[in-house]
Structure formats: C-alpha cells, structure tokens
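Chain by chain, the residues:
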6 protein chains.
Amino acid sequence: MNKAVFPGSFDPFTKGHANIIERTLNLFDEIVIAIGVNSKKQYLFPLENRIQSISNFYKTEPKISVKTYEGLTVNFCQQIGAKYLVRGLRTSSDFDYERTIALMNKSIDKQLETVFIISAPELSAISSTVVREIYNHKGDISQFIPNGFKI
Amino acid sequence: MNKAVFPGSFDPFTKGHANIIERTLNLFDEIVIAIGVNSKKQYLFPLENRIQSISNFYKTEPKISVKTYEGLTVNFCQQIGAKYLVRGLRTSSDFDYERTIALMNKSIDKQLETVFIISAPELSAISSTVVREIYNHKGDISQFIPNGFKI
Amino acid sequence: MNKAVFPGSFDPFTKGHANIIERTLNLFDEIVIAIGVNSKKQYLFPLENRIQSISNFYKTEPKISVKTYEGLTVNFCQQIGAKYLVRGLRTSSDFDYERTIALMNKSIDKQLETVFIISAPELSAISSTVVREIYNHKGDISQFIPNGFKI
Amino acid sequence: MNKAVFPGSFDPFTKGHANIIERTLNLFDEIVIAIGVNSKKQYLFPLENRIQSISNFYKTEPKISVKTYEGLTVNFCQQIGAKYLVRGLRTSSDFDYERTIALMNKSIDKQLETVFIISAPELSAISSTVVREIYNHKGDISQFIPNGFKI
Amino acid sequence: MNKAVFPGSFDPFTKGHANIIERTLNLFDEIVIAIGVNSKKQYLFPLENRIQSISNFYKTEPKISVKTYEGLTVNFCQQIGAKYLVRGLRTSSDFDYERTIALMNKSIDKQLETVFIISAPELSAISSTVVREIYNHKGDISQFIPNGFKI
Amino acid sequence: MNKAVFPGSFDPFTKGHANIIERTLNLFDEIVIAIGVNSKKQYLFPLENRIQSISNFYKTEPKISVKTYEGLTVNFCQQIGAKYLVRGLRTSSDFDYERTIALMNKSIDKQLETVFIISAPELSAISSTVVREIYNHKGDISQFIPNGFKI
C-alpha cells in the first residue's frame, strides 16, 4: 500500500495545494494532508480552522485524510508508515529549496521518496505568504482558494 | 497618460534605484516613487528622512514625485490611477521573487502591468540589505548612494 | 515619440508573442515586430508566410508594423530610430540569457533600453521550439497560436 | 493500472537513469523505458545495442520493459496507454527545461502527468553528454554506468 | 603569503564545511576559520563550544586557526591581513546570494578576492539550518558532522 | 608548486578572461591558458592567431603560458601536472553548467580542483558567443577585448 504525505502549513490552503493533490491522487492508495505545527510560528488562520476546512473540503474523498504533526516531517512519515512525500514545484527557487529538504529527509530515512509535480502554470504564482498579505490588508483572496472551499 | 509607480522601502535609496528611474523615465508621463510603510518592520533611516532626501534629489524633475503608502501596492496604484509598476531585475533569484509578486498583483488588478529593466551590471550587486549592514558597522556607504544624494 | 522593436524569429508566432505585444502596446507610440533573418538558419515557416500572417493579424492596429532585418538587432533599432526593445520573460533561464543579450546591446548603444514583462503564467511554457517539434510530428498546434491568427 | 514511461535517448544508460527507475518502481505497476529515436540525430551507441543492454540489465524485473518510439513522447504514451511520465531533476537548469516540456505535454494531453524525483546527489553531475565526450576521448566511463550493466 | 578567511557561523560545523577547507588548504599558506558573532542572533551551539570543537578538530593542522569576529567580514580580513575569502557553492540559489556578498565585499576592498569551490555532490544538501532543526527535534545529526568531530 | 589551467576556446579572448587571470594569478605559481581544440568545431579566429595574440599579451608575465590541447581537459591537466582548474562564474546558468563539468572532472581525477571566482559585474555580460556575432556583422568589438590586446 502506497501512502503519501503532503506536508505544509496550509495557511491558507490554496488552489495550488488542491491541484497538487488532485493530480497525484491516482498514484497513491492514500494521501495524508499533514499540517505542520511549529509552536514558535504565528499563523493567520487558527489550526482548528485549517483542519476543519480542509477535512470538510475532502470529506467525500476516502483516500484523503487530514492530520497534524509537530517535529520532523520524516518522523511523522515513519510513525504513520508513509513512504512518499508529495510536493509541487513552481519555480527554480522552489527547486533549490525543495531539493535540500528532500535530500536531507532521505539522509535520515533512506526509504522515504519525495515525489514532485510541476504546478499548473496558471497557479504557479500563488503563494500562501502573498495570500496572507492580501488578506491582512483586507484584499479579496477568494480567487486563490479552491472553488467550494470554506475558510 | 501613463503613470508608473516605483515601489520600495528605499532604506536607503541607492544608485541601483536611481538608475532604474533614470532609464525608464522617458517611458512614462509620471513616475511616483512610492515608499511602502509596514508598521511591523523596523527601518534604519526614518521615513521622514527618506521622503525628504529622495524628494530633494529629484526636485528639478517635474515628472517624479515621492509618496508613501500602507497596505497593498496594487491598491495604492488604483488610488492614484497608475497602470504600471516599475522594477529592476538583478539576478535570477530576483526574477523568481518578482515574478510571483507581479503575477499576484495582476491577479488582483488585470490592468496593472509590471515593467522590468535589467540592472546595470556594475550596480547589480547593490542591495539595500547589505548597505544597511555596512552602515550599521560604521562602514562607508557613499559609493552605493547616488552622487549628490543627501541621506 | 517612443518607438519599440519586438525582435524574434516568430517561427511560428505564438499566443505568448501576442500577449507581450498586447500588454506593452500602450507604453509605446509604435511597435515594430522585427523578424530576424539569419541566412545560416533553417526555418519551419517561410519568411514570406510569417510576414504575411503577422501583418494580417495586426492589420487593424495602426501602431504595429512588421519588418525584417539581417545582422545585429541593435543596428536595426538605430536604423529605424527605435530606442526600446521589448521582450518577455518566462523562466529564470530566460532571464540569464536575456540579461546577456540586453546588456551586450546596451554596451553597443548606450541609448537602447530593453523593457521586459513577465509572461502570462498560462502561456509561460509555450516555446516556439517545442511548437515546431509538435508541428513536425503532425501534432495539433492550434492551441498555441493566437485565436484568429492564420499561419 | 498505473503505467509510466521513462523517456530518453539513453546514449548511454547511466547510473543516474538506473537510480530514477529504482526509486520510482514501487509507484507504478509498469515502467516502460522508452528510447526516443530521432532520425536527424547521431547517436554514439547504436540503437540495437541500447535496446539489448537495457533489456538485459532489467531482464529479471517483470515490471520494466524497453521500447523505442519516434515522434512526440505524448503520442507514444497515448498509444501504449501510459498516464505518467517519469523524469529526474538534477539542477535548476534542468527544472526550467523539464517544466516547459512537462507543461507542453500536458497541454496536448490533459491526462498525462509528469512525475519528478530529485537525482541522488552523488549522481547529480552525471550527464550522458559528458559521458559521451569522455568515451570519445577514450576515457574510462565505467564509474558512470550501473554496476553489472553491459554496454 | 596567501592568507584566507573561511567565514561562517558554523552552528554547527558540518562535513560540508570540513570538505571546503580540506580541498582549498593547499591553495593558501594559512586559513582562518572565522566565526562571525552577531549579538542580535540566537545560536544553537554556544560560541565557546564552537571555538573549542573546531580548534580541537584541526589541532594537528598548523595552517588552520580559529578566530571570532564582530562586524563586517571585510574589516576582519583587513585587520588580520587576509586577501582571500573562501566559500563553497551548493546550488544556484547559493550562487546568487554569494555573488552579492562577494561583489559588495570587493566594492569595499578592491584587493579582497572570494574564491569558490563547488560542494562535493554527496554533501551538497547539508545545510546548517536544517541540521539545527533536526537537532532541535532530537534527531540524529551525526552523519552531517565530520568523523571524529566532537560537538 | 601550484599549477593551474585556465581552459577555454578563447574565440576571442575577452576582458572577462583577462580579469579572471589577473585576479587569480597570485593564488598560483603558474597559470597555463589552455586553448582547447576540437576538430569538429569551427572557430572564428584561427588557432595560430589566438595562440600568438594571447602569448603576446602576457609576454612580460613569466607565470603565464599558453598551450593548446585536444581531448579531455582533465587528461591535459594530468599531463602537465596541474592540480587546479580556474573558471569564472557570471550567472546562475553558468553555475549549473560549470558544476556538472567540475564534478565530472573530479570524478575522473580526485585530485583535480576547480577554483571559481565571480566575474566582475561590469564584465558579467561579455560572452565570446555574442562577441563573435557582433564581429560577424561587422560590429565594433574593441570594448570587449582587453586594452592593448591585439587580435
């Protein structure tokens, strides 16, 4: 059974995230959307809110679940028996960053593979960081959030 | 009438900034140097100082004005009726960052175009961040500041 | 009068090219689509064909004309009195390549500025090279060509 | 059934290629190593030789087969009913190139996903182009070829 | 006499750092491992600890010494009469960052050259930032630290 | 004795090349400017011309010599007992390319180090390829060639 983890803070969950999941779902028997919790970081949307809204969005998809974790992503994968991480790549800067993370993870657990797909071009500029900034300034972020997703 | 905004924190204003303005001035009827104010950020040079010194430097150039703004750059452009943003590109890392910002801005306002020019090579390593660090350690920053510019 | 040159081989002219022109047209009084002719290169679409089809596509737009040139782009700009080049940037690899060309051009003619805009994300993977390859293998290229454009 | 194509010219097949296959094999029910044949290109190793040596190397692995194709990769995938392409990413230059190819493929066939993994760091500088150059100058290429692989 | 400075925070010192020093040692008569101290930053390993452990690791190598400095690296180099900085490059993102620093340093002191080597590929994903994160979550970091190095 | 090789085709030798040599000369006891000869490539300037003009330019510098070689650069380094290669880096695209070459060379000869410096920013857009194109179109290339260098 191929179980995959899609890790992130999803603050907020965007069309970009949904697109990665949709396009890789057939590759795996199960995808766990894993919300990383770092007690030193401040989030815009409360954790409880993010869990609820993502779970709700995927409630009819039995292969997708939502979990939270603290600590290293690689340890979380081991705890739940996931052999794959899933990530999207938007730009070559993303690539350099993701490469370091993926290879460090593999140094710790030789069995853990990170599988990448390239972001849909029309979504490739969506960044949670910028979405938060727009939200903070009372801008309209609805176009960056999946249709039917309730924040 | 083509009005452009050149946004930044200009902390401090450098030869790199002056070069971008000088080289794009003929493209526009008016360029507004827009100093972004983020109440959560600490600046090295006081806002009042930056407004004064930049205004003074361009006082004989009727097409250039200096304004401040809070919030989203795209909202500021709408308020003053500017259809263009102007930015310089130094490196491919700059490109990936600026691409995200430019495309997010355009998502919010379809009419807003960001126009880029490539930094003059001899100025391409000037970074306000590094200039501040040099200044903080009592280094001489005069070679990074436009000739005749009074900080 | 601000005259700009949009240089390329346009073999073929794509939605990506049309988008660059459409988005920069208001910046200039005149844009010359300049088809570079290199006698050592083989083209897929005959030169005469490219001139006709692009001219025809823009026949109702008085600010746009189509010309051909041999030799250095910078010399062509001088001959027709253009002070600007217009180019699109899709990726950071594009950036490194375009940077070299733009700075070399400016070394030869200090007055010549290259103005860049960032390709619309949904068009950012369109490459004439790949379009030709698809065409050569009898694939359908219509989705990469502007609507209403007759090759 | 998830069938994947790993396309390339494999001139020659390297440790880098073998590593990509080994690490993605569990994701798919079947991986087709697809040797692209371009009648205009010159290859170092004859096609027959490449088919034989790769087939021989994987003869005990029932999920892997070797095929050749001409024309567009996307058409070949459709002919054999493959919904996935597999590719390795070594550098950010690779990324920009592969991004264009992957997105163009997806433009032609919306169902076709390209799945990437990041090359093992110790193999990340192996390039068939450079291996050919070493071979042409009578250098020893054995360290770049999988152990037990007979060219 | 060619004296070089290898600057960093070395929080912690990794196999990547050791590899850079080992591979450039023959180029110089003396290499000073210079631990930069920034009173505003928080470090994981105490300064005293880092000085001791690095000094101890190189105690049999007379060409290597360990020093600390505050302020600009370029000033430290001048104080100790070093004409070279040594840095490793892992990725193209590293390159853009290091380029800015190297060129700014050279703007301040025309005599100061930064010499780069490319990280050994198997070490190219080791990042002190990620090592600290692993350590903070009680992960095992021994594989990222030089053999025989006592933290 | 530290002997270094600066390899290239130098077709033509530019200010960029001269700058790399000038800035690394103190690091080595001897620098060999090594003109690679590839019988399949066409050069703009005849080999004899390049040898003469570079030798002449450096005739008063006893540490610099000019040699030609065929085949692998790494073999040439071994034949003349050079332990270092010297290269300049202009852009992040350069970095990815040079990284592959440097690591492949080191795979063949573990003792061979490639030492990089970052091109002077005002020279960072000079490319022999573009200089040849300008020359071919009867443009003036004198500003890209070192002062006093006779092509």
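Residues numbered from 1 in each chain as written. Chains lettered and ligands numbered in written order. Predicted model: local features only at pLDDT ≥ 70, side-chain atom pairs only at ≥ 80, totals over all residues. Heavy atoms only, no water.

With an RMSD of 0.0 Å, the fit of chain E onto chain F corresponds to turning through 180° and sliding 0.0 Å along the axis. Seen this way, the second copy is the image of the first under a two-fold rotation axis. When the interface residues of chain E are mapped onto chain F, 100% of them again lie at the interface, so the same face is used by both copies. (Least-squares fit on C-alpha atoms with pLDDT ≥ 70 in both. Contact = heavy atoms within 4.5 Å.)

So, about the environment of L47 of chain E. Residue and element names in this part refer to chain E. In this structure, L47 sits in helix α2 (residues 47-57). Taking the C-alpha atoms as reference points, L47 and H137, 90 residues apart in sequence, are found 21 Å from one another. The contacts of L47, once residues within four sequence positions are left out, are I35, V37 and T68. (Helix = DSSP H or I, 4+ residues; strand = E, 2+ residues; numbered from the N terminus.)

Contact geometry for helix α4 (residues 92-108) of chain C and helix α5 (residues 128-136) of chain F: axes closest at 11 Å, N-to-C directions at 45°. For the element pair α4 of chain C / α5 of chain F, the angle class is oblique. Where α4 of chain C crosses over α5 of chain F, the two elements pack in a sense that is right-handed. Contacts between α4 of chain C and α5 of chain F involve T100, I101, M104 and I108 of chain C on the former and, on the latter, V130, V131 and I134 of chain F. The residue inventory of the contact of α4 of chain C with α5 of chain F, partitioned by class, reads six nonpolar, one polar and no charged. (Axes fitted to C-alpha atoms, helices over the stretch in contact; angles between N-to-C directions. Parallel < 35°, antiparallel > 145°, perpendicular 65-115°, else oblique. Left-handed = near helix turned anticlockwise from the far one by under 90°. Nonpolar A, V, L, I, M, F, W, Y, C, P; charged D, E, K, R; others polar.)

Okay, unusual backbone geometry next. Residue and element names in this part refer to chain B. Between D11 and P12 the backbone carries a cis peptide bond, its omega angle lying at 5°. Backbone geometry at F10 places phi at a positive 50°, although glycine is not the residue there. Of note, F10 is situated in the loop between β1 (3-8) and α1 (15-24).

Turning our eyes to something else, we now look at the side chain of K106 of chain D. Relative to the helices and strands, K106 of chain D resides in helix α4 (residues 92-108). Polar contacts involving the side chain of K106 of chain D include one to the side chain of E113 of chain D, which spans 2.7 Å. Setting aside anything within four residues of it in sequence, one finds K106 of chain D in contact with R23 of chain A together with L112 and E113 of chain D. (Polar contact = N/O pair within 3.5 Å; in protein donor to acceptor, adjacent residues only side chain to side chain.)

Confidence along chain A averages 96 in pLDDT terms, with 100% of residues attaining 70 or more. Here the complex is predicted with pTM 0.95, and the ipTM for its interfaces comes to 0.95. (pLDDT = per-residue confidence, 0-100.)

Residue-level contacts link 25 residues of chain E with 25 residues of chain F. Of the roughly 2100 Å² buried where chain E meets chain F, counting both sides, 65% is carbon and sulfur surface. Ranking the residues of chain E by area buried against chain F places L27, F95 and I118 of chain E at the top, with a combined share of 29%. There are two salt bridges connecting chain E and chain F. In this structure, R23 of chain E and E113 of chain F form a salt bridge, with 3.0 Å as the shortest nitrogen-oxygen distance. Counting the contacts that link chain E with chain F gives five residue pairs in polar contact (both at pLDDT 80 or more). Where the side of chain E that touches chain F is concerned, the elements lending two or more residues are β4 (84-89), α4 (92-108) and β5 (113-118) of chain E. (Buried area = accessible area lost by both parts, 1.4 Å probe. Salt bridge = Lys/Arg side-chain N within 4 Å of Asp/Glu carboxyl O.)

Turning our attention to the interface of chain B and chain C. Facing 25 residues of chain B, the contacting portion of chain C comprises 25 residues. For the pair chain B and chain C, the summed buried surface comes to about 2200 Å²; carbon and sulfur atoms form 65% of the total. Sorting the residues of chain B by area buried against chain C places L27, F95 and I118 of chain B first, and these three jointly supply 29% of that buried surface. Along the contact surface separating chain B from chain C lie two salt bridges. The tally of links between chain B and chain C comes to five residue pairs in polar contact (both at pLDDT 80 or more). Secondary structure elements with two or more residues in the side of chain B that touches chain C: β4 (84-89), α4 (92-108) and β5 (113-118) of chain B. Counting residues per element, the side of chain B that touches chain C draws most heavily on α4 of chain B, which supplies seven residues. In terms of residue class, the side of chain B that touches chain C is made up of eleven nonpolar, seven polar and seven charged.

We now examine the pairing of strand β5 (residues 113-118) of chain F. All names here are of chain F. Judged by how many residues are buried, β5 sits mostly within the fold: six of six residues are covered. Because side chains alternate across β5, one face comprises the buried residues E113, V115 and I117, and the other comprises T114, F116 and I118, equally buried. With six bridges joining them, strand β4 (residues 84-89) and β5 adopt parallel strand pairing. Each residue of the ladder has a partner; that of R87, found in β5, is F116. (Buried < 20%, exposed > 50% of the residue type's maximum accessible area, 1.4 Å probe, protein only. Pairing = 2+ DSSP bridges.)

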